[in-house]
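Take a look at the letters that make up each chain.
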Amino acid sequence: MDLFRKKSVDQLVSESTPLKRTLKTFDLTMLGIGAIIGTGIFVLTGKGALTAGPALCISFLLAAVCCGFAGLCYAEFAAMAPVSGSAYSYAYLAFGELIAFVIGWDLILEYALQAATVSAGWSGYFNKLLEGFGLHLPVELTAAYGTTPGVTTYFNLPGFVIVLIITWVLSIGINQTKKTNDIMVMIKLAIIVLFIVCTVWYINPANWKPFSPYGIYTFQPGSTQPYGIVPAASIVFFSFIGFDAVSSSAEETINPNKTLPRGILISLAVSTVLYIVMTLIMTGVVPYKEFANFIDAPVAGVILETGLNWLAFVVNLGALIGMTTVMLVQLYGQSRICYAMSRDGLFPKFFGEVHPKYRTPFKGTWFFGILTAIAGGFININVLFELVNIGTLSAFIIVSAGILWMRKTQPDVHRGFRAPGVPFTPICAIIFCFILICGLNWETWVRFAIWFALGLIVYFVYSRKHSALNEPGLF
């Protein structure tokens, strides 16, 4: 059996789908911004500032450039083959079934772990919001076991509940999902703009000196953790993960040839500008070394420095909304990846069954939603976000390489959008992705290798025998 058998563009596009097409450019842009802006601003800026100093803004720009090059490649594939599955479906076109399965397996890891990781951050801000009203959850139910040194915790109840609520919204229909997301993203953006307007006056330019205390890449005495612009970019790359989930909505998009590329690129551009502005303000108000005192809530350090205590409630609300939209889009993307893999026979039919009323992959959405809620509730996942990064960067590399291969082998295929600068654009995307991968810890490589090996076992034990491309009587 050919492990690298491919699907054609016509074959992918012609596959019937019962999903409802309602998404427009605005909805896709909100979906992208909803996925991107959240954890990066409200959580990762603290660790990023300690890693790169004020040059963190350059780290964000580096990560954004990497995503920008990859985003152009995603946009071309999305316009060429507007189907669910994102990088999984694109790999099926370019490189065949085995590579497609591996990328789909990686994307499941990406979406599930990111949603679970973000649920932990969401829980922290929710507890602070409750404290503002004089309410307190039992400390044992505020985080997973071992999350906070010196504090006994067993279960992240708020994170568990919010993931289940989001799963319910996703399961009852794309219209409810897009309306919920659009409203929350608009509120989130308004709160971020308010924060910028209120705090920009407290910038002390002296805090930007030295601008890049650790250079591009370096190790500090007695530490195995790399410092500098590139390692910080490898960390904050997590902030940009999610724009690829926009391409998973292809089968629910009106006129996807035009709207998908616009949604991907506009959401990336808006998010990058906001990240850079926020980073400059935060490191300008608070000396970068002091973020060690606010590692889990760096925005709180800025508010404390400015004395704008009234802003704390607004920012907590913005953080909650921001992280909610991130989880919503990640869980949405995950359900669509599994739907596409199930339709191709690589996953059981259970994950591809569409609800007759809601027109969503109902069972698969709830299956992974519950698993993600359990992971966020019980597992200390502070160290796993880098595993999300390496899985996503690998998918970016495959998609970018896929554009090079498709331009060479299938130059006559209709493309509603053509990535500019090929082969320069995909080659740059691949190079930037490898640079960011090199900034990750070796433990991340080991974990990724284990997950990769598990995926190969699943493929050879189940998926290749049940593939829709199998010839009758092959197995």
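Predicted model, so just to flag it, every value in this text is computed and none were measured. (Residues numbered from 1 in each chain as written. Predicted model: local features only at pLDDT ≥ 70, side-chain atom pairs only at ≥ 80, totals over all residues. Heavy atoms only, no water.)

**Focus: the pattern of salt bridges**
Moving on, step 1. On inspection of all chains with the given rule, the structure shows 4 salt bridges.
Moving on, step 2. The residue E76 makes a salt bridge to R407 at a minimum N-O spacing of 2.8 Å. Placement of the pair is E76 in helix α4 (residues 56–80) and R407 in helix α15 (residues 385–409), with a sequence separation of 331 residues. Each member of the pair, E76 as well as R407, carries the same accessibility label: buried. (Salt bridge = Lys/Arg side-chain N within 4 Å of Asp/Glu carboxyl O. Helix = DSSP H or I, 4+ residues; strand = E, 2+ residues; numbered from the N terminus. Buried < 20%, exposed > 50% of the residue type's maximum accessible area, 1.4 Å probe, protein only.)

**A few points about the nonpolar core**
What tends to happen in soluble globular proteins is that the nonpolar side chains get buried as a cluster.
Moving on, step 1. The biggest cluster of nonpolar side chains holds 136 residues, and the ones touching the most others in it are F42, Y74, F77, F237 and F240.
Moving on, step 2. Top contributing element to this core by residue count: helix α13 (residues 310–343), with 17 residues. (Core = buried A, V, L, I, M, F, W, Y, C linked by side-chain atoms within 4.5 Å.)

**So, the packing of aromatic side chains**
A ring pair, where both rings are aromatic, is described by two values, the distance of the centres and the angle of the planes.
Moving on, step 1. Considering all chains together, one arrives at 25 aromatic pairs under this definition.
Moving on, step 2. Where Y214 meets Y288, the ring centres are 6.3 Å apart and the plane angle is 85°; that geometry is what we call edge-to-face. A residue pair is termed long-range when its members are at least 10 positions apart, and Y214 in the loop between α8 (174–199) and β1 (218–219) and Y288 in the loop between α11 (256–285) and α12 (298–306) qualify at 74 residues.
Moving on, step 3. You can call Y214 buried: its relative accessible area is 16%.
Moving on, step 4. Its relative accessible area of 10% is what places Y288 among the buried residues.
Moving on, step 5. Look at F351 and F367: their rings are 5.1 Å apart centre to centre, the planes differ by 80°, and that puts the pair in the edge-to-face class. Highlighted residues: F351 in the loop between α13 and α14 (362–378) and F367 in helix α14, separated in sequence by 16 residues.
Moving on, step 6. For F367, a relative accessible area of 36% corresponds to the partly exposed category. (Phe/Tyr/Trp six-rings, centres within 6.5 Å; stacked < 30°, edge-to-face > 60°.)

**Quick notes on helix α9 (residues 229–240)**
Moving on, step 1. Under the 1.5 Å per step criterion, the end-to-end length of α9 is 16 Å for 12 residues, consistent within 8% with the ideal 16 Å.
Moving on, step 2. Counting buried positions along α9 gives 12 out of 12 residues, so the element sits mostly inside the fold.
Moving on, step 3. If you check which residues of α9 are buried, you get I229, V230, P231, A232, A233, S234, I235, V236, F237, F238, S239 and F240. (Expected span 1.5 Å × (residues − 1).)

**Focus on the packing of helix α7 (residues 157–171) against α14**
Moving on, step 1. Viewed as axis vectors pointing N to C, α7 and α14 meet at an angle of 170°, and their least axial separation amounts to 9 Å. Accordingly, the angle class assigned to the pair α7 and α14 is roughly antiparallel. For the pair α7 and α14, contact is made by F160, V163, L164, T167, W168, L170 and S171 and by F362, T365, W366, G369, I370, T372, A373 and I374, respectively.
Moving on, step 2. Partitioning the contact of α7 with α14 into residue classes produces 10 nonpolar, 5 polar and no charged. (Axes fitted to C-alpha atoms, helices over the stretch in contact; angles between N-to-C directions. Parallel < 35°, antiparallel > 145°, perpendicular 65-115°, else oblique. Contact = heavy atoms within 4.5 Å. Nonpolar A, V, L, I, M, F, W, Y, C, P; charged D, E, K, R; others polar.)

**Section: helix α2 (residues 25–36)**
Moving on, step 1. Between the first and last C-alpha of α2 there are 16 Å, a value that for 12 residues agrees with the 16 Å anticipated at 1.5 Å per step.
Moving on, step 2. Burial runs high along α2: 11 of the 12 residues are buried.
Moving on, step 3. Buried residues of α2: T25, D27, L28, T29, M30, L31, G32, I33, G34, A35 and I36, and no others.

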